[in-house]
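Examination of the molecular architecture
One-letter residues, chain by chain:
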Amino acid sequence: MITFKSRYYRLVTESLWFFLLMLVVFTAARFVFIGHYVGAETLSHNADSLPTMFFNGLRYDVQTISYFLLPSVVYFIVESIVNLFVKKRKYAGLTKFNFWYFPISMILALIVLIVDHQFYANFNTHISIVFFDFLNEKPLLLLKTMWLENHLGWVLVALVVWGSLVSFVFNRVLAQKAKPTKLKNYLSWLYLPLLFLFLRGSLGTFPLRLENCYVSTDMEINACTPNGFFMLINAFKEKGEAFSHLSPEESLKQAGFKSIEEALSVYFDQPVDTIKKYPVEHWLYPHTSKKDLKPLNVVLILTESWSNHLMDFNRIDKFDLLGPMAKHLKEDLMFRNFQSSGNCTIDCVEMVSVNTPYNRLFTSKYKNTPFPTSIALPFNAAGYNSEFISGID
């Protein structure tokens, strides 16, 4: 006779197998990451940080796997409640659900880990908010580039083999009849409390957070701590908390205006009818005769630890962030919306000026080599004198 206890023990047994297999996958992915991106010299210099790195990495993996286990637990609870009100009780639903859910989850986890591995190869960071920019920048073209530049064929073969292996293992596990001893039965009741603890990831005041990946002064060691799935979830959170840029229509509505002409009439203290007599451009841009036009200087400013939204906090009388540069920003045309080319100031300078994905190019043997990707070339061709100015003030 199938009882609640036997079904619960079945849930624990199947979840334990899933947990162990997933832990193998995440652990293997971390060692592959270390072998690919961290040198032996870095590991030896930070040997005292390695135990903490592996321990916190295990915490991230256990927490991620526990979230994967939640749907199975929820299904078990719902099925148990439904069976209380059904005369002909059916108990095979959980096993069928796990038979499909667990292998699909493991394949999905492997895909995310592979994507994170390749993302780090291109951007020197785990999956971040930049990941979602791809969806807005011709994703089909991106997929074509990935197909041409990566061994995706072998990746697909690996996924098929892995999926077949996982399905075979779970088919054998689910086909076995659980015969719990009294000790195993008692221990199985620790499953839900442990699952709650693993979901939190910590016994301390705060749950497991992104800050727990910083276990060393070396950024490469820190990068080995979190897994790709945790960073993907963190990127989703960052995307939700990111500053949203309002459209012109939304900005007008937020300020209480029905049209751009109404806003211009308030700004220039002119009747709306007068504003409508001329195109909007007439009021937005100054008018200069061709004889007074002078060649424009183009200045690209890169400032360390500076974000676009910080300029909105500038107040000359209370909080002057721009200093002497403020007068130029009022007189000149300023373009503020730029996407950072990467991490670290020097790396960004190299990426912007030479358009290179390789770090520390300026200190390599190629530092005096002219590159056809230099940002100065089109300006030189147009008759500009290009200068590079670096300083701390």
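This structure is a prediction, so every number in the text was calculated from the model and none was measured.

1. Notes on the overall build of the protein
- The helix and strand tally for the protein stands at 17 helices and 0 strands.
- With 393 residues in all, the protein has 29% of them scored as buried.
- Taking the intrachain contacts of the protein between residues at least 6 apart in sequence as the baseline, contacts between residues at least 24 apart amount to 65%.

2. Some remarks on the pattern of salt bridges
- Applying the stated criterion across every chain yields a total of 3 salt bridges.
- A salt bridge links Glu14 to Arg10, with the nearest nitrogen and oxygen atoms 2.9 Å apart. Of the two residues, Glu14 and Arg10 both sit in helix α1 (residues 4–37), 4 residues apart, roughly one turn of that helix.
- Of the residues examined, Glu14 reaches a relative accessible area of 1% and is grouped as buried.
- The exposure class assigned to Arg10 is buried, which follows from its relative accessible area of 16%.
- Of the charged contacts, one joins Arg209 and Glu211 as a salt bridge, the two residues approaching to 3.9 Å between their closest N and O atoms.
- By relative accessible area, which is 36% here, Arg209 ends up partly exposed.

3. What about the packing of aromatic side chains?
- Throughout the structure, instances matching the rule amount to 15 aromatic pairs.
- Here Phe33 and Tyr120 contribute two aromatic rings whose centre-to-centre distance is 4.8 Å and whose plane-to-plane angle is 75 degrees, an arrangement assigned as edge-to-face. Separated by 87 residues along the polypeptide, Phe33 in helix α1 and Tyr120 in helix α4 (residues 93–123) bring together distant segments of the chain.
- Looking at Phe33, the relative accessible area reads 6%, which means it is buried.
- Between the NZ or CZ atom of Arg209 and the centre of the ring of Phe206, over which it lies, the distance is 4.4 Å.

4. What about the confidence of the model for the protein?
- Counting all residues, the mean pLDDT for the protein is 80, and 82% of those residues have values of 70 or more.
- Element-level mean pLDDT values for the protein span from 60 in helix α5 (residues 139–149) up to 91 in helix α3 (residues 50–83).

5. Points about the packing of α1 against α4
- Viewed as axis vectors pointing N to C, α1 and α4 meet at an angle of 15 degrees, and their least axial separation amounts to 11 Å. As judged from the angle between their axes, α1 and α4 are roughly parallel. Crossing geometry of α1 relative to α4 is assigned as right-handed.
- When grouped by side-chain class, the residues that make up the contact of α1 with α4 number 18 nonpolar, 6 polar and 3 charged.

6. Here's the deal with unusual backbone geometry
- Residues other than glycine seldom take positive phi values, yet Asp269 does so here, at roughly 55 degrees.
- By secondary structure assignment, the location of Asp269 is in the loop between α12 (260–268) and α13 (272–276).

7. Considering the side chain of Ser66
- Within the element layout of this structure, Ser66 appears in helix α3.
- Residues in contact with Ser66, not counting those within four places in the same chain, are Leu195, Phe198 and Leu199.

8. Quick look at the nonpolar core
- With 36 residues, the main nonpolar core has Phe18, Met22, Met106 and Tyr191 as its most contacted residues.
- Sorting the residues of this core by element identifies α1, α3, α4, α6 (152–175), α8 (191–200) and α10 (228–241) as the ones contributing at least two each.
- If you tally residues by element for this core, the top one is α1, at 10 residues.
- Judged by nonpolar contacts, the second largest core, of 11 residues, contains Phe33, Ile34, Val38 and Ala223.

9. Brief notes about helix α16 (residues 345–354)
- Counting buried residues in α16 gives 7 out of 10 residues, a clear majority hidden from the surface.
- Remark: Asn355 follows α16 within two positions and exhibits a positive phi of approximately 60 degrees.

10. Comments concerning the environment of Met106
- One can find Met106 in helix α4.
- Taking the C-alpha atoms as reference points, Met106 and Leu159, separated by 53 residues in sequence, lie 9.8 Å from one another.

Conventions we followed
- Residues numbered from 1 in each chain as written.
- Predicted model: local features only at pLDDT ≥ 70, side-chain atom pairs only at ≥ 80, totals over all residues.
- Heavy atoms only, no water.
- Helix = DSSP H or I, 4+ residues; strand = E, 2+ residues; numbered from the N terminus.
- Buried < 20%, exposed > 50% of the residue type's maximum accessible area, 1.4 Å probe, protein only.
- Contact = heavy atoms within 4.5 Å.
- Salt bridge = Lys/Arg side-chain N within 4 Å of Asp/Glu carboxyl O.
- Phe/Tyr/Trp six-rings, centres within 6.5 Å; stacked < 30°, edge-to-face > 60°.
- Lys NZ or Arg CZ within 6 Å of the ring centre and 35° of its normal.
- pLDDT = per-residue confidence, 0-100.
- Axes fitted to C-alpha atoms, helices over the stretch in contact; angles between N-to-C directions.
- Parallel < 35°, antiparallel > 145°, perpendicular 65-115°, else oblique.
- Left-handed = near helix turned anticlockwise from the far one by under 90°.
- Nonpolar A, V, L, I, M, F, W, Y, C, P; charged D, E, K, R; others polar.
- Core = buried A, V, L, I, M, F, W, Y, C linked by side-chain atoms within 4.5 Å.

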